Amino acid sequence: MKQRTSGSPQSAPRAVPERSFEKTILRLVKGGPERMALEARQIDAIVDPASGSAILLPEAQQALLGRGAGRAEPIAIAYDWSWIQDESARFISHTIATPAAARLSDQAILGKALWDLGIDNLHDADWQAHRQQIAWRAPFRDLELRRRDRDGKIHHLAVSGEPLFDEQNRFKGYRGIVRRMAAARRIELHLLEHRRYSQRALDGLAIPVCLLDAAGIVMLANRAWHGALGGPAGYGLDAREGDDYVAACLAARGDAAIDGAPAAAGIRQVIAAERQHFRYGPAQASGPGGIWIELDARTIADGGRARAIVTLRDVTREKSAEKLLTLELAVARRLAEAAERDSGLQAVIQAICLSQSWECGRFLRRDTSAGVLRQVAAWGLSREAIQQFLDKSHGLVLRQDAGLAGRVVDSGQPVWSHDAAFDSAGSSMALPPEAGVAGSIFFPALHDGQTLGVFAFSSPGVGEPDERMLHTLRSIGEQVGLFLQRMTALEGLRRSASHYRKLTEISSDWHWEQDRDYRFTRIDGSGPFGARSALGLTHWELPDVVPLDPQWAEHRTRLAARWSFCDVEFSAIDSIGNRHRYLISGEPVYDDAGLFAGYRGTGLEVGIRRKDAALGDDDATR
Amino acid sequence: MAAKRPRRAMPSVTSTPVMVMVLYVADGGPNSIQAQANLDLICKEHLNGNFLLEVVDVLQFPKRALADGIVVTPSLAKSSPAPAVRIAGNLSDQGSVLRALGITAKNP
């Protein structure tokens with residue numbers, strides 16, 4: 001079987017002036033058999049790999065020109081006018097061949113080159129290719145131009161030309177013809193131009209966009225779409241023009257980052273105009289630091305073949321910001337729930353690690369009096385290397401001016417390193433190589449501008465934080481600073497309360513606490529009554545208290561007003577009839593929410609009157 | 001632009017493998033015309049219709065030639081049966097061409 005090739009013709013052949021011929025040919029023909037054939041004058045053309053063109057040898061060129069001359073007659077019938085150009089590609093003559101061409105032809109073209117004629121459909125690259133053809137003295141065929149006539153009407157023209165040589169084979173210019181193009185070709189060109197315009201408009205968009213037809217086939221995709229690598233599977237990002245986009249989504253079903261089936265179903269609905277808008281995701285591309293993509297499909301009304309437009313939006317920044325905000329809230333909650341300092345810090349470290357997928361973190365509390373940082377809390381993944389490292393660093397003490405942690409103390413600003421080994425202040429801050437950790441970040445816990453401690457996190461994912469991340473680190477640092485300050489204050493209060501109790505034990509006989517109904521909940525020390533029998537009673541309900549209603553009534557009024565009271569006196573008669581005098585003092589107690597919780601205070605026995613003594617005389621006074 | 005000239009295939013009547021060839025020409029070039037004529041003769045006399053031949057005009061399809069590693073035209077490339085062979089020139093030395101193609105010349 002013998003057949004011709006099919007497909008689009010490539011660039012036109014070129015004819016080489018004889019002068020530069022030898023050099024060009026010798027450069028191109030390197031193989032032995034080819035050279036032998038060349039020397040035997042059995043070769044017609046050389047194919048130039050650099051330009052992708054065929055170079056005709058002079059004899060073949062002459063033969064082709066001779067054939068062209070033989071065909072001149074039928075060609076002449078088909079053209080609207082002919083022209084001749086000089087060696088500089090300037091028109092030096094033109095001849096009108098048909099009446100219709102009279103409107104198009106213009107004497108003003110004489111002296112001008114083709115690219116000087118205000119052709120509006122060719123671009124710089126097109127003209128560059130054409131001028132290259134001229135430089136190579138190559139024939140050109142059907143160069144498609146769009147030009148307005150004298151009345152402003154647009155005409156589509158096809159220009160062809162071939163080089164002219166004199167008898168000494170010297171280049172003398174070009175001669176050629178111009179034809180008005182057929183209506184079908186004009187429409188085709190118009191559509192091509194329209195498509196080119198649409199393509200450029202889409203390419204101008206930074207986000208990936210594609211147009212789908214009624215069958216879900218990608219009609220057009222912009223440059224961002226073609227360059228969108230690394231997106232999550234299931235979004236059909238690998239679909240190209242002519243591919244079935246819906247099928248591409250479905251192909252990712254099962255082992256993809258997202259299930260492409262819902263995306264495909266939604267897009268089918270949009271194409272069928274069953275819904276105007278469909279949004280899916282966002283989903284994250286697999287791998288560390290994978291971007292977040294959200295799919296958006298909309299119905300196109302009156303869009304011809306195009307039925308839907310699909311856009312993919314990179315929402316990584318929004319997702320990251322959302323995650324960081326969630327982290328800030330989580331840290332606030334953990335701190336609010338923390339009863340102890342170290343457990344609260346550990347909970348914060350855990351929250352940060354889980355949120356950012358970091359492997360481990362520690363908190364070093366600053367001891368300004370000793371000038372050191374002491375590790376007081378840590379958390380890490382349950383990997384063996386991580387846990388061993390955390391075990392070894394338990395109780396770590398560092399100089400507060402050493403390493404990256406020291407820089408944080410000094411500056412009050414976060415610092416980071418892509419290489420954990422960079423923290424040369426001590427291997428104690430850097431994870432061992434077997435942990436596979438590559439980066440670390442340190443940031444301070446601050447209160448009133450003072451660095452109270454330093455967080456240190458290590459993980460392969462740790463890198464230079466962006467502005468939003470820095471904001472979060474500062475926010476967490478301030479929250480923790482407040483927490484540490486609150487814990488310090490609470491510790492002081494506890495110490496103060498303990499101290500108070502010790503003092504009252506010295507200056508009073510008993511210490512008491514009451515609930516909001518003034519009933520005893522606790523009694524420490526000796527009193528006129530057993531602690532057990534008094535619990536659940538008020539002062540005025542105590543057994544053997546001498547009822548002095550007006551006095552107790554006044555006292556209860558003060559209690560209701562939440563006043564403190566001092567040295568309120570009352571009496572009680574014991575089982576053998578002796579009368580005891582007591583002084584009580586107290587102050588209201590409020591809970592963390594500021595609600596009244598009861599009273600607490602002290603009691604002191606100040607005198608006793610024996611049963612047989614006269615009323616009004618005390619035989620013993622303290 | 002060169003006209004297309006589809007050629008009729010002759011059915012294979014022997015059990016020998018079909019010879020698959022591509023002739024790269026510059027259509028209208030004197031050597032190319034001669035190469036086609038020489039190859040036609042070889043096919044008629046020695047291959048008895050047991051061949052597939054594709055003619056590629058490098059003036060129209062230079063990139064096809066480049067992709068096939070062809071630098072000069074005319075060139076004949078035989079891809080099957082092995083070994084693959086390339087012959088540059090107008091194929092006027094029939095003896096050399098037959099040897100290169102692995103065809104044993106018929107006795108007169």
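The residue count restarts for each chain, going from 1 along the sequence in the order it is written. All chains are assigned letters beginning at A, and all ligands numbers beginning at 1, according to the order in which they are written. Local features in a predicted model are, by the rule used here, given only for residues with pLDDT of at least 70; side-chain atom pairs are given and counted only at 80 or more, and totals for whole chains, interfaces and linings are based on all residues.

**Some points on the overall build of chain A**
The criterion, for reference: Note on conventions: DSSP H or I runs of at least 4 residues are helices, E runs of at least 2 residues are strands, and numbering of each starts at the N terminus. The exposure scheme places C-beta atoms from the backbone and then counts, for each residue, the other C-beta atoms within 10 Å of its own, assigning buried at 20 or more, exposed at 12 or fewer, and partly exposed in between. A pair of residues counts as a contact when their C-beta atoms, built from backbone coordinates, are separated by no more than 7 Å.
Looking only at helices and strands, one finds 17 helices and 26 strands in chain A. For chain A, with 622 residues in total, the buried portion stands at 30%. Here the analysis covers contacts within chain A between residues at least 6 apart in sequence; of these, 47% occur between residues at least 24 apart.

**Side note on the confidence of the model for chain B**
Residues and elements named next belong to chain B. Test applied: Confidence per residue, as judged by the predictor, is encoded in pLDDT with a range of 0 to 100.
This prediction gives chain B a mean pLDDT of 80; 82% of its residues lie at or above 70. Contacts from residues 1-14, a stretch scored under 50 in pLDDT, to residues over four places away or in other chains number 24 contacts. Across the predicted assembly, pTM comes out at 0.42 and ipTM at 0.85.

**Details of helix H12 (residues 341-356) of chain A**
Residues and elements named next belong to chain A. Worth spelling out the cut-off: By this rule, a helix spans an expected 1.5 Å times one less than how many residues it contains.
Over its 16 residues, H12 extends 23 Å from the first C-alpha to the last, a length consistent with the 22 Å expected when each residue adds 1.5 Å. Among all positions of H12, only Gly344, Leu345, Gln346, Val348, Ile349, Ala351, Ile352 and Gln356 are buried. Of the residues flanking the end of H12, it is serine 357, one or two places downstream, whose phi is positive at about 60°.

**Concerning the sheet that holds strand S7 (residues 140-148) of chain A**
Residue and element names in this part refer to chain A. Put simply, the rule reads: Criterion used throughout: strands pair if DSSP finds at least two bridges between them. The axes used here are C-alpha line fits, helices contributing only the stretch in contact, and every angle between their N-to-C directions lies in the interval 0 to 180 degrees.
Pairing within the open sheet is antiparallel, and its five strands lie in the order S6-S5-S9-S8-S7. The outermost strands of the open sheet, each flanked by one partner alone, are strand S6 (91-96) and S7. Between one strand axis and the next, the sheet turns by 25° as a mean value, whatever way the strands run. Relative to strand S9 (residues 171-180), strand S8 (residues 154-165) runs antiparallel, the two being bridged by nine bridges. Bridging across to S9, valine 159 finds its partner in valine 178.

**Some remarks on the confidence of the model for chain A**
Here chain A shows a mean pLDDT of 78. Residues at 70 or above account for 78%. Counting interchain partners and residues more than four positions distant, the pLDDT-below-50 stretch residues 1-19 of chain A has 57 contacts.

**Looking at unusual backbone geometry**
That bond from threonine 73 of chain B to proline 74 of chain B is cis: its omega, 0°, falls within 30 degrees of zero. Tracing the backbone shows proline 74 of chain B in the loop between strand S3 (72-73) and strand S4 (75-80). At arginine 562 of chain A, a position not held by glycine, the phi torsion is positive, near 60°. Structurally, arginine 562 of chain A can be placed in the loop between helix H17 (549-560) and strand S23 (565-573). With 12 C-beta atoms packed within 10 Å, arginine 562 of chain A lands in the exposed category.

**Some points on the packing of helix H1 (residues 30-47) of chain B against helix H3 (residues 94-101) of chain B**
Residues and elements named next belong to chain B. Keep this limit in mind: What sets the label is the angle itself: under 35 degrees gives roughly parallel, over 145 gives roughly antiparallel, 65 to 115 gives roughly perpendicular, and the rest give oblique. Helix crossings fall into two classes, left-handed where the near helix is turned counterclockwise from the far one by less than a right angle and right-handed where it is turned clockwise. Residue polarity follows a fixed list, in which Ala, Val, Leu, Ile, Met, Phe, Trp, Tyr, Cys and Pro are nonpolar, Asp, Glu, Lys and Arg are charged, and the others, Gly among them, are polar.
Across the interface, H1 lies against H3 with an axial gap of 11 Å and an inter-helix angle of 60°. Comparing the axis directions of H1 and H3 gives the class oblique. Our pair here, H1 against H3, has a crossing hand that is right-handed. Together, Asn38, Ile42 and His46 of H1 and Gln94, Val97 and Leu98 of H3 make up the contact between the two elements. Considering only residue class, the contact of H1 with H3 consists of three nonpolar, three polar and no charged.

**Re the environment of methionine 219 of chain A**
Residues and elements named next belong to chain A. The topology assignment puts methionine 219 in strand S11 (residues 218-221). In this structure methionine 219 comes out as partly exposed when scored by C-beta crowding, with 19 C-beta atoms within 10 Å. With 88 residues separating them along the chain, methionine 219 and arginine 307 place their C-alpha atoms 9.9 Å apart. Those residues in contact with methionine 219 that sit more than four places away from it in its chain are Leu211, Leu212, Asp213, Glu241, Arg305 and Ala306.

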